[in-house]
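# Remarks on the overall topology
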Amino acid sequence: QKEVEQNSGPLSVPEGAIASLNCTYSDRGSQSFFWYRQYSGKSPELIMSIYSNGDKEDGRFTAQLNKASQYVSLLIRDSQPSDSATYLCAVKGGKLIFGQGTELSVKP
Amino acid sequence: EAEVAQSPRYKITEKSQAVAFWCDPISGHATLYWYRQILGQGPELLVQFQDESVVDDSQLPKDRFSAERLKGVDSTLKIQPAELGDSAMYLCASSFWTGRGTGELFFGEGSRLTVL
């Protein structure tokens, strides 16, 4: 079992729809959770961090954390073609571990 | 806006040659990371520094890879000899916070290595 698992995709959604990206992790002691966006050929950039159970909203982005289920998700509302990228889930227990990323494609 | 500087952006080399990458973190960031990212995969931590000390190098192939951050500022990652399987993007990142905030990383543009 991988320490941080994501569906590799690609996930394709129409413009204006909600994109839902999911991530599960194996270390129950993990305390910090992050979503990074990576455009093709570019380096990752942090878009969301979440530390407590529940939802955290920032503009069109909402991160959701459920530590009991070892599950973290990212919702992107009103998806735009510029959101097309790979989204990396990262989880920190003793060290920061990245998932393999989910490729999102938003079609105009 | 402060950035993490990396060089070179691209490097093509033949197997068995030596390669070196350089990174200058954001000023004031005590923690520096080197990650390797193979196409289609997530970044994998090679080495983490806190100031000039190595915090984690458990995934660094020490027979061929070395990393240093002598004065606790900029850092160099070296590969000698390079192998075909080393072809990847080498990402440097830095962070300011310690504790649970150490996950909010700022990445450089990366150094893409191709080994022929």
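Structural notes, computed from the coordinates. This is a predicted model, so every value here is computed, not measured.

Moving on, we get to the interface of chain B and chain A. Taken residue by residue, the interface counts 21 residues in chain B and 17 residues in chain A. Carbon and sulfur atoms supply 52% of the area buried between chain B and chain A, which totals about 1500 Å² over both sides. Counting the contacts that link chain B with chain A gives one salt bridge. For Asp-56 of chain B, the salt bridge identified is with Lys-95 of chain A, shortest N-O distance 3.0 Å. Taken together, the links from chain B to chain A amount to seven residue pairs in polar contact (both at pLDDT 80 or more). Put simply, the parts of the chain that give the side of chain B that touches chain A at least two residues each are β4 (31-37) and β9 (88-95) of chain B. Classifying every residue of the side of chain B that touches chain A gives six nonpolar, eleven polar and four charged.

In this section: the sheet that holds strand β1 (residues 5-7) of chain B. Residues and elements named next belong to chain B. Within the open sheet, the four strands sit side by side as β1-β3-β8-β7. Their pairing is antiparallel. With partners counted over all chains shown, the strands left at the sheet margins are β1 and β7 (65-68), one partner each. The sheet shows a mean angle of 15° between the axes of neighbouring strands, direction not considered. Sheet topology note: the strand β3 (residues 19-24)/strand β8 (residues 75-79) ladder contains five bridges and is antiparallel. In the sheet register, Val-19 faces β8, and the bridge partner there is Ile-79.

Thresholds applied
Just so you know, the residues in each chain are numbered from 1, in the order the chain's sequence is written. As they are written, the chains are lettered A onward and the ligands numbered 1 onward, keeping that order. At least 70 in pLDDT is required for a residue's local features to be given in this predicted model, at least 80 for side-chain atom pairs to be given and counted, and no such filter applies to totals for whole chains, interfaces and linings, which use all residues. To get the side-chain values, take all heavy atoms of the structure and skip hydrogens and water. The contact definition used throughout considers only heavy atoms, calling two residues in contact when any of these lie within 4.5 Å. Put simply, buried area is the surface a 1.4 Å probe can reach on two separate parts but cannot reach once they are joined, added for both. Salt bridges are counted wherever a side-chain nitrogen of Lys or Arg sits within 4 Å of a carboxyl oxygen of Asp or Glu. Pairs of N or O atoms within 3.5 Å make up the polar contacts considered here, provided that, within protein, one atom can donate a hydrogen while the other can accept it, and that residues adjacent in sequence are counted only when both atoms are side-chain atoms. Here a strand is any run of E in DSSP of at least two residues, a helix any run of H or I of at least four, and the numbering for each starts at the N terminus. Throughout this entry, Asp, Glu, Lys and Arg are counted as charged residues, while Ala, Val, Leu, Ile, Met, Phe, Trp, Tyr, Cys and Pro are counted as nonpolar. The remaining residues, Gly among them, count as polar. The rule for pairing is simple: two strands pair if DSSP sees at least two bridges between them. To get an axis, fit a line to the C-alpha atoms, keeping to the stretch in contact for a helix; angles then go from 0 to 180 degrees between the N-to-C directions.

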